[in-house]
Amino acid sequence: MRIVVRFLLVGFLLVVAGLPAAAREVISHFEADIVVQTDGSLDVTETITVNAEGYRIRRGIYRDIPLKSLSEGGLWSKNGFEIVSITRDGQPEKYRTEWQGRYLRIYLGKKDVMLSPGEHTYSIRYVTTRQLRYFEGYDEVYWNVTGNFWAFPILRATATVHLPDGAKVTQVEGYTGEYGDEGSDYAAGRTGDSAIKITATRPLAAGEGLTVAVGFTKGVVALQEDTSSLVLANNAGLIVLFAGCILVPLYFLFAWTRVGRDPPGRAVIPLFHPPEGMEPAAISYAHFNGFQSVGMKDLAFIAALLSLGVKKKLIIEDAGRSDIALKRTTPGEGVDKPLPAGEAVLYQKLLGNRESIRLDKANGKTLLSARTSFQSTIRGKHAGKYYKLNLGWFIGGAMPLVLTFFMGLIMQAPPEDGLAIILPAVMTGVFGSIFLSVGHVMWGDGIGGYLRRFMSMLFMATGGGVLFIGVMFLVLGTGLGWYRAVAGLLIFNIGFAVLMFRLLGAPTTLGADILNQIKGFKLYLETAESN
């Protein structure tokens, strides 16, 4: 019985082992016929015989042709390419193409038509230019015959190189294996002085390929090199990036001369009173160009409460740091004058229907509502009168910078190493510039004590450090110099845009006069306090 079981098991294993060999998907033969023409172009016919079983090869195959190369500085060089014909089993075949980085991918077959299982032979004929290499003593065909991206093995690979009349083969090399390997599993045989056949001497595994390098008599074929116009056309994205990085700062400088300069100021002299017709909260709003807070303390809100206290509209009872109450005064006790708009709203919201209110969490919603209504009233009466941000002018420069950045990247299609230079530079410029700007604002607003000064220094040091590291990365790095130059310009442009966001804002003529009066009143108070 055991003998019978063993016999059946061995037979089953033999059958299973034989099935994949009979049904596996492979390229049984990859044959390339490469004709070097006198104008320097290559007329290539690839004959690819595959066994399709519906696994990976369902509707057809695709072929990746390398048509872009990258210079040391990062400039693309693009080869000319034209498909002459594509057939399957001797009949014209549908195809479509799309770019995959450096490669043009040719999809062979119809999306809605499945291949019948079995052997199929594809023929791809195309003409490509600027593929030859030119050396001092010889010219050379350097050609990746099969490509290195097939997902299944190539059982047999051959390439025949035909030279034009008058050219003789002077040297030949072959390379087998994965991309970058220098395996020498090939055999070469001449079929006369002007033709040579190279054959891989072993099957090529998935991801492996055959590359040939055939040197021949120099000067027989025309010289095909990239002209200046081709270089510019192949790198239009870099041109867009450079143009944006140069024109945007010029625009910002123009915008600053038009709207960013402060109106001519007068000499500041001590004034014994604040600007007439302005409540204290409005003075704070004009001075800081908005509502300024120190921690959780709104300066305009505090100024309005103190003003109401001075006018005897309310009493501020301070029993401790966290125990403050506002009480309504006796009718007729306060100043019998209409309150300014902001103070009137604040008084109504806080004490309109109550005798007192404590400034604590229990009354948080009431306090927040009062503060919101108060700020809306001040903003509605004074917004835009004393200071203009000129956001339209800023957007007029920021948007072209963003658009040229994305347009340039899309047009250029940078290599991964190029993106690894540009994208970190953009992040460096954004975060470094913002941190530096925020720290500078905190330092210059004159509010807060040592903790705020420390935080402002920390912000500025962080921003400056990020920018310094980003610049040093570009300066000390090697290779892809054009991308490093663009990255440096992007860091500068981002930093310059953040600076212009602040510099484009400017006081109006009325604002300049009010600020002058505020400075004069402040000077008087400081002088009186010091004496």
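Predicted model only: the values in this text are computed from it and were never measured. (Residues numbered from 1 in each chain as written. Predicted model: local features only at pLDDT ≥ 70, side-chain atom pairs only at ≥ 80, totals over all residues. Heavy atoms only, no water.)

A. Spatial organisation of the packing of aromatic side chains. Scanning the entire structure with this criterion turns up 18 aromatic pairs. The interplanar angle of 65° and the centroid separation of 6.3 Å between the aromatic rings of Phe-30 and Trp-150 together place this pair among those described as edge-to-face. Highlighted residues: Phe-30 in strand S1 (residues 26-36) and Trp-150 in the loop between strand S12 (139-144) and strand S13 (157-162), separated in sequence by 120 residues. Ring pairing ties together the aromatic residues Tyr-251, Phe-252, Phe-394, Phe-492, Phe-496 and Phe-501, which thus form one cluster. The lysine or arginine in question, Arg-133, covers the ring of Tyr-142, its NZ or CZ lying 4.3 Å from the ring centre. (Phe/Tyr/Trp six-rings, centres within 6.5 Å; stacked < 30°, edge-to-face > 60°. Helix = DSSP H or I, 4+ residues; strand = E, 2+ residues; numbered from the N terminus. Lys NZ or Arg CZ within 6 Å of the ring centre and 35° of its normal.)

B. Looking closely at the pattern of salt bridges. Taken as a whole and judged by the stated rule, the model has 15 salt bridges. With its nearest N and O atoms 2.7 Å apart, the salt bridge here joins Asp-43 to Arg-125. With a gap of 82 residues between them, Asp-43 in strand S2 (residues 42-52) and Arg-125 in strand S10 (residues 118-128) connect regions that are remote in the sequence. The partly exposed category is assigned to Arg-125, whose relative accessible area is 34%. Residues Lys-327 and Glu-317 are paired through a salt bridge, measuring 3.2 Å at the closest nitrogen-oxygen approach. Taken together, the positions of Lys-327 in strand S21 (residues 323-328) and Glu-317 in strand S20 (residues 314-320) put the pair 10 residues apart, joining distant regions of the chain. Given a relative accessible area of 34%, Glu-317 falls into the partly exposed group. The network of salt bridges with common partners includes Arg-88, Asp-89 and Glu-93. (Salt bridge = Lys/Arg side-chain N within 4 Å of Asp/Glu carboxyl O. Buried < 20%, exposed > 50% of the residue type's maximum accessible area, 1.4 Å probe, protein only.)

C. Quick look at the side chain of Glu-279. Positionally, Glu-279 belongs in the loop between helix H3 (236-260) and helix H4 (280-288). Buried and unpaired, Glu-279 has Lys-381 as its nearest opposite-charge partner, separated by 5.4 Å. (Lys, Arg positive; Asp, Glu negative; His and termini not counted.)

D. Focus on the layout of surface pockets. Each pocket or cavity is described by its volume, and for the largest pocket that value is around 1200 Å³. Among the elements of the structure, H4, helix H9 (416-444), helix H11 (481-503) and helix H12 (509-530) are those that each provide at least two residues to the lining of the largest pocket. Grouping the amino acids of the lining of the largest pocket by side-chain chemistry returns 16 nonpolar, 11 polar and 7 charged. (1 Å grid on protein atoms, 1.4 Å probe; cavity = no way out; pocket = protein on both sides within 12 Å on 5 of 7 lines; lining within 4 Å. Points joined across faces, edges and corners; volume = space filled by probe spheres on them. Nonpolar A, V, L, I, M, F, W, Y, C, P; charged D, E, K, R; others polar.)

E. Broad picture of the nonpolar core. Membership of the largest hydrophobic core comes to 45 residues, with the highest contact counts inside it found for Val-36 and Trp-143. Aside from chain neighbours lying at most four places away, what touches Val-36 is Ser-41, Leu-42, Leu-132, Val-141, Val-161, His-162, Leu-163, Pro-164, Phe-216 and Val-221. Cys-245, Leu-474, Ala-487 and Leu-490 belong to the second largest nonpolar core, which has 20 residues in total. (Core = buried A, V, L, I, M, F, W, Y, C linked by side-chain atoms within 4.5 Å. Contact = heavy atoms within 4.5 Å.)

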